[in-house]
Amino acid sequence: MALSRRTKKVVAAIVAAAAVLVLVGLGAAGNFLVDFALNPHAEVSMANMMRAEDVDGLDYAEAPKLDEAYAQEAASWFDAEKRSVSHQADDGTMLLGWELPGAEGGDYADGHTWAVVCHGYVGEPADMAKYAYHFSQLGMNVLTPAARGHERNVDTGLIQMGWQDASDLLGWVDQIVESDPEARILLFGTSMGGAEVMMASGMDGLSENVRLIVEDCGYTSVWDEFALQLDNVFGLPSFPVLNVAEAACLLRAGYTFEGASAVESLRKASVPMLFIHGDADTFVPFSMLDECYEACASEDKGRLVVEGAGHGLSASTDPGLYWGTVDEFLAKHL
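Residues numbered from 1 in each chain as written. Predicted model: local features only at pLDDT ≥ 70, side-chain atom pairs only at ≥ 80, totals over all residues. Heavy atoms only, no water.

Visitor: Which residues make up the layout of surface pockets, and what values do they have?
Guide: Its boundaries defined by the atoms lining it, the second largest pocket holds a volume of some 210 Å³. In terms of lining, the second largest pocket is formed by 20 residues, of which the most central are Pro40, Ala47, Arg51, Val122 and Gly149. Contributing elements (two or more residues each) for the lining of the second largest pocket: α1 (5-38) and α2 (46-51). Considering each element in turn, the lining of the second largest pocket owes the most residues, four residues, to α1. Its residues assigned to classes, the lining of the second largest pocket shows 10 nonpolar, six polar and four charged. (1 Å grid on protein atoms, 1.4 Å probe; cavity = no way out; pocket = protein on both sides within 12 Å on 5 of 7 lines; lining within 4 Å. Points joined across faces, edges and corners; volume = space filled by probe spheres on them. Helix = DSSP H or I, 4+ residues; strand = E, 2+ residues; numbered from the N terminus. Nonpolar A, V, L, I, M, F, W, Y, C, P; charged D, E, K, R; others polar.)

Shown next as structure tokens:
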């Protein structure tokens, strides 16, 4: 029996209302996830879960740390030697970081060799003290910029997951070159910082003064990493929640999760690159190492797998292998 015109209108109104409710609900969920992952001031956040050690794949407390004494020495050095530096980004944002001196007598103590060291998600430059210390002991000047939404840059907006940070990184490099045209520069980063230096690798405008890039446990793209954590933390599939969160991120932070891709940047890279990952890493899965390495268009590239190392723990798990490999790569390109 055919529905009356009035009944059809009622049904259409109900369907429209239901669709609106679904869209409103998805929009709210998308904005919640953006705040959860990217708002440094959110009360309910991934950052707070990580600080509470309530995230799968971050087993820092249980993992052996064979460089603990060295890390403590490095932390004291960082605190004593750091000097505040600033950089005005292309969008006018004033960004802050720390600069540290190179030690006299090192292999690269000519005053023109620089290591730019990039920290991870919800971290800060001081977290990179042992890496900065190693490069300083080799005689390099060290710059450790804080990413947007982190440390003293916490009020610069939402966390960029390395994407806008990579563009900022090119600006930091240009600032070094402006003051030191003979600079020979290493870009180094772990986790989000690793993704950041990979994203920078294929960007137009990367200075020729950048002689090499070393990344440690960086992810393939923000989409891939968020899809993994959406499942780990909430037990949810990517579609449709991550899609609406991506739309919210574009509106609120100016980038998309898929567009923020290390892999796509690596396809345009030419600078020598070293890729490092622990084979026990589940937070940024070990499988991402091969995907990034294979995507890299650089003619000179290397990879290091550290057996038994969890996320961000390769240097702590096997310091000899780690730094021996890194230093050999440095010697080849600096």
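Visitor: So what's going on with the UniProt feature "domain: Serine aminopeptidase S33" (unreviewed entry) in the chain? Which residues, and what values?
Guide: According to UniProt, the "domain: Serine aminopeptidase S33" (unreviewed entry) feature falls on residues 116-198. With 40% helix and 18% strand, the stretch residues 116-198 has end C-alpha atoms that lie 13 Å from each other. (UniProt positions renumbered as here; feature names shortened; annotations may be inferred.)

Visitor: An account of the sheet that holds strand β5 (residues 184-190) is needed here, citing residue identities and associated values.
Guide: Taken in spatial order, the eight strands make up an open sheet running β1-β2-β4-β3-β5-β6-β7-β8, and their pairing is mixed. The outermost strands of the open sheet, each flanked by one partner alone, are β1 (83-88) and β8 (301-306). Each adjacent strand pair in this sheet contributes to an overall mean axis angle of 20 degrees, direction not counted. Note: β1 against strand β2 (residues 94-100), six bridges, orientation antiparallel. Across the sheet, residue Ser84 finds its bridge partner in β2, namely Trp98. Together, β7 (273-278) and β8 form the strand contacts of helix α10 (residues 287-295), whose direction differs from that of β8 by roughly 170 degrees. (Pairing = 2+ DSSP bridges. Axes fitted to C-alpha atoms, helices over the stretch in contact; angles between N-to-C directions. Contact = heavy atoms within 4.5 Å.)

Visitor: Residue-level account of the state of the cysteines, with values.
Guide: What the rule picks out here adds up to zero disulfides. Cysteine Cys249 shares no disulfide, and the gap to the nearest cysteine sulfur, in Cys292, comes to 19 Å. The exposure class assigned to Cys292 is buried, which follows from its relative accessible area of 1%. (Disulfide = S-S within 2.5 Å. Buried < 20%, exposed > 50% of the residue type's maximum accessible area, 1.4 Å probe, protein only.)

Visitor: For helix α3 (residues 68-81), give the residues involved together with the corresponding values.
Guide: End to end, α3 covers 20 Å across 14 residues, agreeing with the expected 20 Å (1.5 Å per residue, within 8%). Those residues of α3 that sit buried are Ala74, Trp77 and Phe78. Taken around the axis of α3, the buried residues stretch over an arc of 100 degrees, which confines them to a single face. Facing away from the buried side of α3 by more than 90 degrees, the exposed set consists of Ala69, Gln72, Ser76, Asp79 and Ala80. In this fold, the buried residues of α3 make contact with β2, α4 (129-137) and β4 (141-145). (Expected span 1.5 Å × (residues − 1). Arc of directions from axis to C-beta.)

Visitor: Before we move on, can you summarise helix α7 (residues 222-234) with the specific residues and values?
Guide: Given a rise of 1.5 Å per residue, 13 residues ought to cover 18 Å, and the 17 Å separating the end C-alpha atoms of α7 matches this to within 8%. All of the buried residues along α7 are Val222, Trp223, Glu225, Phe226, Ala227, Gln229 and Leu230.

Visitor: Residue-level account of the nonpolar core, with values.
Guide: In this structure, Leu38, Met161, Ile185, Leu187 and Phe257 are the most contacted members of the largest nonpolar core, which totals 71 residues. If you look at the next biggest cluster of nonpolar residues, it comprises 33 residues, including Ala129, Leu186, Ala309 and Tyr322. (Core = buried A, V, L, I, M, F, W, Y, C linked by side-chain atoms within 4.5 Å.)

Visitor: Lay out the packing of aromatic side chains in plain terms, naming residues and giving numbers.
Guide: By the definition in use, this model includes 14 aromatic pairs. Seen in terms of ring centroids, Phe32 and Phe234 are 6.2 Å apart; in terms of plane orientation they differ by 70 degrees. Their pairing is edge-to-face. Here Phe32 is found in helix α1, whereas its partner Phe234 is found in helix α7, with 202 residues between them in sequence. Look at Phe32 and you get partly exposed, because its relative accessible area is 36%. Arranged with centres 5.9 Å apart and planes meeting at 55 degrees, the rings of Tyr131 and Trp323 form a pair that is tilted. (Phe/Tyr/Trp six-rings, centres within 6.5 Å; stacked < 30°, edge-to-face > 60°.)

Visitor: Can you break down empty space enclosed by the protein residue by residue, with the values?
Guide: Where empty space is left can be seen by rolling a probe of water-molecule size over the atoms. On inspection of all chains with the given rule, the structure shows two cavities of 30 Å³ or more. Each pocket or cavity is described by its volume, and for the largest cavity that value is around 250 Å³. Lining the largest cavity are 22 residues; nearest its centre among them are Ala37, Met46, Glu225, Phe226 and Gln229. The element that contributes the greatest number of residues to the lining of the largest cavity is α7, accounting for six residues. The residue inventory of the lining of the largest cavity, partitioned by class, reads 18 nonpolar, three polar and one charged. The volume enclosed by the second largest cavity comes to roughly 90 Å³. Per-element accounting of the lining of the second largest cavity gives the leading share, four residues, to helix α5 (residues 163-179).

Visitor: How would you explain the confidence of the model for the chain if you had to name every residue and give the values?
Guide: Across the chain, pLDDT averages 90, with 91% of residues at or above 70. Scored below 50 in pLDDT, residues 6-25 shows one contact in the model against residues more than four places distant or in partner chains. (pLDDT = per-residue confidence, 0-100.)

Visitor: Please set out the environment of Ser287 residue by residue, giving values where relevant.
Guide: Relative to the helices and strands, Ser287 is located in helix α10. Residue Ser287 is classed as exposed on the basis of its relative accessible area, which comes to 54%. Taking the C-alpha atoms as reference points, Ser287 and His277, 10 residues apart in sequence, are found 9.2 Å from one another.

Visitor: Hey, could you go over the packing of α5 against helix α6 (residues 192-201) for me, with residue numbers and the actual values?
Guide: At a minimum axis separation of 8 Å, α5 and α6 run at an interaxial angle of 60 degrees. One way to sum up the angle between α5 and α6 is to call them oblique. Crossing geometry of α5 relative to α6 is assigned as right-handed. Residues Trp163, Asp165, Ala166, Leu169 and Leu170 of α5 form the contact with α6, whose own contacting residues are Met192, Glu196, Val197, Met199 and Ala200. (Parallel < 35°, antiparallel > 145°, perpendicular 65-115°, else oblique. Left-handed = near helix turned anticlockwise from the far one by under 90°.)

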